[in-house]
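If you want the building blocks of each chain, they are given just below.
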Amino acid sequence: MFVWSYWKTIFTYPASPSNEFCLSKADKEQYEKEERPESQQEILRRAAKDLPIYTTTASGAIRYCDRCQLIKPDRCHHCSACDICVLKMDHHCPWVNNCVGFSNYKFFLLFLMYSLLYCLFVAATVLQYFIKFWTLCHRKAAENCPKNELQNTHAKFHVLFLFFVAAMFFISILSLFSYHCWLVGKNRSTIETFRAPTFRNGPDKNGFSLGCSKNLREVFGDEKKYWLLPIFTSLGDGCNFPTRLVIVDPEQLTVSSQNEPAKSSGANQSFPTRPLSESQNRLLASDSQWVESGPEEENVKSGAKKHIIVSLES
């Protein structure tokens, strides 16, 4: 299982955005001719209006990769080592010489888990000989002493080296595996931990979190019998992800967050105007649904227009 997971992590090619995120030939030519950033952003906004894009840059601009010449989907980043845009990129791992992202993140987690168990197994089986190495009998007539089973001096140092290597790798991998388990529970990538994704109302590190159970299923899939096998079972296509809350009327964002702070824990966060269709997201179609509330019964004193808040029931 360790070798299988390691193999899949190395040789699974990182998933890239589909062609729908590429600019058309006319838009690409117009984008390259424009010199003003405002005009370029206007071209990108027109091209991205029908795409399931929820996040922007820190300045609120459309995330565009000049290297790959495509609009970046949510959670997608360009890897300078692989020279491609990787869907839900977590990091580029030199241990596997590959990008860890949407297509092989499950394999990477299983690789860490099985390598952790492998190191533990090696350390546990060598422990008894490691103890005997330090408890040798030094009496003159000790050739037949049970404590002196390790007769070969070179073998003694081999056992010593093997135990220390297995123990050190176990400790280091345990910390890395624990960290990634925490990331899965929070539905974050390593990049998003250091740089939170920016939605319309600003950065939100928990914008893609749906709860620990659903976050786990998003990576490992619905079928629990396949969770421990290095077989791809992750949900979605890597280009769009469900979010916790969608505010339809951006003009009423401030008013709604002031009048209804208790309706949702994410009421002070901004999300795109289009919720993901339930047919595209099994996480939303399973036991959660989008609910529309009617117009407010009381008009806002300032004469603000009526708005609809679409929230995700949990």
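For the structure given in this document, a descriptive report is provided here. What you see is a predicted model, and the numbers here were worked out from it, not measured in a lab. (Residues numbered from 1 in each chain as written. Predicted model: local features only at pLDDT ≥ 70, side-chain atom pairs only at ≥ 80, totals over all residues. Heavy atoms only, no water.)

Observations regarding the packing of aromatic side chains
Thought 1: Per the stated rule, a full pass over the model turns up 16 aromatic pairs.
Thought 2: An angle of 45 degrees between the planes, with centres 6.4 Å apart, marks the rings of F108 and F111 as tilted. With a gap of three residues between them, F108 and F111 both fall in helix α4 (residues 105–134), about one helical turn apart. Of the two residues examined, F108 and F111, each falls in the buried class.
Thought 3: Each member of the aromatic cluster is reached from another via a ring pair, and the members are F2, Y6, F108, F111 and Y118.
Thought 4: In this structure, R75 is placed above the aromatic ring of F208, and the distance from its NZ or CZ to the ring centre is 4.6 Å.
Thought 5: One residue, R75, lies across the ring of F241, its end atom 5.0 Å from the ring centre. (Phe/Tyr/Trp six-rings, centres within 6.5 Å; stacked < 30°, edge-to-face > 60°. Helix = DSSP H or I, 4+ residues; strand = E, 2+ residues; numbered from the N terminus. Buried < 20%, exposed > 50% of the residue type's maximum accessible area, 1.4 Å probe, protein only. Lys NZ or Arg CZ within 6 Å of the ring centre and 35° of its normal.)

Quick notes on the nonpolar core
Thought 1: If you look at the biggest cluster of nonpolar residues, it comprises 20 residues, and the most contacted ones within it are Y105, F108, L109, L112, V219 and F220.
Thought 2: Secondary-structure elements contributing two or more residues to this core are α4, α5 (153–186) and α7 (212–220).
Thought 3: Looking at this core element by element, the count peaks at 10 residues for α4.
Thought 4: Each residue touching F108, except ones within four places of it in the same chain, is listed here: T9, H91, C93, V100, L176 and H180. (Core = buried A, V, L, I, M, F, W, Y, C linked by side-chain atoms within 4.5 Å. Contact = heavy atoms within 4.5 Å.)

Concerning the layout of surface pockets
Thought 1: Space inside the largest pocket adds up to approximately 460 Å³.
Thought 2: Put simply, the parts of the chain that give the lining of the largest pocket at least two residues each are α1 (2–11), β5 (91–93), α4 and α5.
Thought 3: For the lining of the largest pocket, the per-class residue count stands at 17 nonpolar, three polar and no charged. (1 Å grid on protein atoms, 1.4 Å probe; cavity = no way out; pocket = protein on both sides within 12 Å on 5 of 7 lines; lining within 4 Å. Points joined across faces, edges and corners; volume = space filled by probe spheres on them. Nonpolar A, V, L, I, M, F, W, Y, C, P; charged D, E, K, R; others polar.)

Description of the packing of helix α2 (residues 25–33) against helix α3 (residues 37–48)
Thought 1: Remark: α2 packs on α3, axes separated minimally by 9 Å, with the N-to-C direction vectors making an angle of 165 degrees. As judged from the angle between their axes, α2 and α3 are roughly antiparallel. Our pair here, α2 against α3, has a crossing hand that is left-handed. Packed against α2, whose contacting residues are D27, Q30 and Y31, the element α3 presents Q40, I43, L44, R46 and A47 at the interface.
Thought 2: Tallied by class, the residues present in the contact of α2 with α3 amount to four nonpolar, two polar and two charged. (Axes fitted to C-alpha atoms, helices over the stretch in contact; angles between N-to-C directions. Parallel < 35°, antiparallel > 145°, perpendicular 65-115°, else oblique. Left-handed = near helix turned anticlockwise from the far one by under 90°.)

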